[in-house]
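Structural features, examined
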Amino acid sequence: MHWSMNTLPLTPYMELGVHSLSGLLWTLLLLFLWHCYRMGSDLPIPGHAHAGKLKSSSRRSMMSRSGSCIGTKCSARSKLSRSDPISPFISMETVEDDEQGRGYLTPVLSHALFPAQASAEAKKLYTALQEYAKRYSWVGMGRIHKGLREQVRLNDHSAIQKPHLFFLPDVPSVPFFPRDAHRHDIEVLEANYPAILAEFQAVYQKGIDSKLGWTCGQAVFPLYSAGVSVAGNCRACPCTYRTLLSLRTFINSNSLGSAGFWLLGPGATLGSTYGPTNTRLRCHLGLQTPPLCELVVGGEPQCWSEGHCLLVDDSFLHTVSHKDSRPSVILSVDLWHPNVAAAERQALDFMFSPDL
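Residues numbered from 1 in each chain as written. Predicted model: local features only at pLDDT ≥ 70, side-chain atom pairs only at ≥ 80, totals over all residues. Heavy atoms only, no water.

We now examine the overall build of the protein chain. Secondary structure assignment for the protein chain yields 11 helices and 13 strands. Evaluated residue by residue, the protein chain yields a buried proportion of 35% over its 356 residues. Considering only intrachain contacts with a sequence separation of at least 6, the fraction spanning at least 24 residues in the protein chain is 73%. Of the roughly 21,100 Å² that the protein chain leaves accessible, carbon and sulfur atoms contribute 59%. (Helix = DSSP H or I, 4+ residues; strand = E, 2+ residues; numbered from the N terminus. Buried < 20%, exposed > 50% of the residue type's maximum accessible area, 1.4 Å probe, protein only. Contact = heavy atoms within 4.5 Å. Areas by Shrake-Rupley, 256 points an atom, 1.4 Å probe, with all protein chains shown as cover.)

Have a look at this one:
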């Protein structure tokens, strides 16, 4: 015989028990969700204190700080007041957090000390950086800020890489870079090698004279000098000029960038020297390269090759020796270092503007 549940008489107590159990389950579910929400909101954010803890401990921390004269800051002030063993500083701004001032990854503070023993050029660059930040933003300026502060320390010690004007910290660098660092620009220069060589030969046949656009002290025919085009020389070499403008990373907006023909006569030498900055690479396109001409950068020797480019970081100690009987000719072009970000390039264009 088949029995159906619908035929069974259910007492009011049983129905009440089913509703109570369902309500209890819903209550437990809501309590569990509320607990998960509280646990999630109480998780500490790295580098930040919890808001509740800040509120609860604010009064105690203020009392302790007022009693101890803000600990570290007072001790720092007392140390600075002794002044004899400590190097002098000019207070362009007052420091708020020394640790944040040291780290280039933290936001650049608008309150920081600048070394008083810094050169006039470094102070000028720091002022230009502040002006740039007022117009635009401090975002992305951490490495430049750090580099300006540490330039004094860099100039005081000998090293194989020591740019004398501006050093951007934490930039990976080697004396000679592979072609992949600037493949597009290298391929453009090498593709126009025959036209560039023909234009140089036409200029060279007219003679080396300062009246014809040559810098006779170093036998250089500049197309760009300190970020400014040399109009007469660019008109004499229109194909080379158009080639320069087609390069993606050519530095043509600030005084760190130059481009032109370099002529090294037989027996010419270049003593040990450093370039002005590590934010650029020099691209050498060999036009006429005899075998006994050598470039040594950071202790690594290399020879130029006709129709091919060589990427050089001239912030390393470098020398040139030319022992061949024929002259050597290269086209030198300054390109941005591939590790310098777009925001940093814009700031450096402002800081090293030819108009400043």
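We now examine helix α5 (residues 120–135). Between its first and last C-alpha, α5 extends 23 Å over 16 residues, near the 22 Å set by a 1.5 Å rise per residue. Of the positions making up α5, those classed as buried are Ala122, Leu125, Tyr126, Ala128, Leu129, Gln130, Tyr132 and Ala133. (Expected span 1.5 Å × (residues − 1).)

Let us look at the packing of helix α8 (residues 193–205) against helix α10 (residues 238–245). Between α8 and α10, the shortest axis-to-axis distance is 8 Å and the interhelical angle comes to 135°. Put simply, α8 runs oblique to α10. Read as a crossing pair, α8 and α10 show a hand that is left-handed. Where α8 approaches α10, its residues Ala195, Ile196 and Glu199 are matched on the opposing element by Pro238, Cys239, Thr240 and Thr243. Its residues assigned to classes, the contact of α8 with α10 shows four nonpolar, two polar and one charged. (Axes fitted to C-alpha atoms, helices over the stretch in contact; angles between N-to-C directions. Parallel < 35°, antiparallel > 145°, perpendicular 65-115°, else oblique. Left-handed = near helix turned anticlockwise from the far one by under 90°. Nonpolar A, V, L, I, M, F, W, Y, C, P; charged D, E, K, R; others polar.)

In this structure, Phe261 and Leu287 are the most contacted members of the largest nonpolar core, which totals 32 residues. Going through the elements one at a time, α7 (183–191), α8, β4 (220–225), β6 (259–264), β8 (280–288), β11 (309–312) and β13 (328–336) are the ones with two or more residues in this core. Considering each element in turn, this core owes the most residues, five residues, to α8. Setting aside chain neighbours within four positions, we find phenylalanine 261 in contact with Ile196, Phe200, Ala219, Val220, Phe221, Leu223, Cys237, Thr240, Leu287, Ile330 and Leu331. Leu168, Leu256, Leu348 and Phe350 belong to the second-largest nonpolar core, a separate cluster that totals 20 residues. (Core = buried A, V, L, I, M, F, W, Y, C linked by side-chain atoms within 4.5 Å.)

The strand order across the open sheet built from seven strands is β3-β11-β8-β13-β6-β4-β5, with neighbouring strands paired in antiparallel fashion. Of all the strands in the sheet, the pair left with one neighbour each is β3 (176–177) and β5 (228–229). Looking at chain direction, β4 and β5 are connected through two bridges and run antiparallel. Residue pairing across strands places serine 225 opposite valine 228, the latter belonging to β5. (Pairing = 2+ DSSP bridges.)

Any functional reading would require information that these geometric values do not contain.
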